[in-house]
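Commentary on secondary and tertiary structure
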Amino acid sequence: HFGAGRAAGDFQLSFAPSPMFRVPVFSLAGEEVASLTAKSWWGLSEVLAAIREQHVMESGVQVRVFHGPSKLLAGSSLAELGVVAGSHLTLVTHQPCRLVTASADRTARIWDSISGECLKILEGHEGAVHSAVFSPDGKQVATASADRTAKLW
């Protein structure tokens, strides 16, 4: 029985708006790097976009987001991860896996150690490059050559 004036097939859908809630985001050092006003249906792309609005990340940096031991994966939502009001997320950032090589062809090369792709060729020495190393922050490369020079790239 559909009630007076209602026929089979007549129905009305109503959806409650998804409530927003605050989710602080911390670095591994315990520093709050962002405070999101999130919705439970948000996935990885929405969370990362909201974090990037508040926290500057260098290009090329790899990013992972965790709720406790669980990683927020593409295709999953905050709700599926168990994130609710009062929860917090952890942002883990790291430089991509790169390595640098020195060569007798007077170059040094920066490689992606996962894919094996050459990312950059450092040219400019007049002799064989005997040594190449990343700076501690990974932003520069120092090379030493048979031409008796050292260069910072």
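Here the structure is shown first, and the text comes after it.
Read on for a plain summary of the structure. (Residues numbered from 1 in each chain as written. Predicted model: local features only at pLDDT ≥ 70, side-chain atom pairs only at ≥ 80, totals over all residues. Heavy atoms only, no water.)

Right, let's get into the overall build of the protein. When helices and strands are tallied, the protein shows two helices and eleven strands. Each helix and strand of the protein, placed in order from N terminus to C terminus, yields the pattern β-β-α-β-β-α-β-β-β-β-β-β-β. Across the 153 residues in the protein, those meeting the buried criterion constitute 29%. Partitioning the intrachain contacts of the protein with sequence separation of at least 6 by distance along the chain shows that 39% fall at a separation of at least 24. On the protein, roughly 9,900 Å² of surface is accessible, and the fraction owed to carbon and sulfur atoms is 55%. (Helix = DSSP H or I, 4+ residues; strand = E, 2+ residues; numbered from the N terminus. Buried < 20%, exposed > 50% of the residue type's maximum accessible area, 1.4 Å probe, protein only. Contact = heavy atoms within 4.5 Å. Areas by Shrake-Rupley, 256 points an atom, 1.4 Å probe, with all protein chains shown as cover.)

Moving on, we get to helix 1 (residues 44-54). Restricting attention to buried positions, one finds in helix 1 the residues Val-47, Leu-48, Ala-50 and Ile-51. Mapping the buried residues of helix 1 onto a view down its axis gives an arc of 165°, with all of them on the same face. Along helix 1, the residues that are exposed and aim more than 90 degrees away from the buried face are Ser-45 and Glu-53. As for helix 1, its buried residues are in contact with strand 1 (20-27), strand 2 (32-39), strand 3 (62-67), helix 2 (78-81) and strand 5 (89-94). (Arc of directions from axis to C-beta.)

As a further point, take the sheet that holds strand 6 (residues 98-102). Two modes of strand pairing occur in sheets, parallel and antiparallel, and in both the strands are linked by backbone hydrogen bonds. On the basis of which strands lie adjacent, the open sheet formed by three strands has the order 6-7-8 and antiparallel pairing. Edge positions in the sheet fall to strand 6 and strand 8 (118-123), since each of these pairs with one other strand and no more. Strand-to-strand twist of the sheet, defined as the mean angle between neighbouring strand axes without regard to direction, takes the value 20°. Here five bridges tie strand 7 (residues 107-112) to strand 8, and the two strands are oriented antiparallel to one another. Its bridge partner lying in strand 8, Ala-108 is registered against Leu-122. (Pairing = 2+ DSSP bridges. Axes fitted to C-alpha atoms, helices over the stretch in contact; angles between N-to-C directions.)

Turning next to the pairing of strand 5. Both strand 1 and strand 5 contribute to a ladder of three bridges, which runs parallel. From the neighbouring strand, Phe-26 faces strand 5, where its bridge partner is Thr-90. As defined by bridge partners, strand 3 adjoins strand 5 across five bridges and the pair is classed as antiparallel. Pairing of Val-63 across the sheet is with Thr-93, part of strand 5.

Across all of its chains, the model carries two salt bridges by this definition. Of the charged contacts, one joins Arg-22 and Glu-32 as a salt bridge, the two residues approaching to 3.0 Å between their closest N and O atoms. Here Glu-32 lies in strand 2 and Arg-22 lies in strand 1, a separation of ten residues in the sequence. Among the residues examined, Glu-32 registers a relative accessible area of 37% and is labelled partly exposed. (Salt bridge = Lys/Arg side-chain N within 4 Å of Asp/Glu carboxyl O.)

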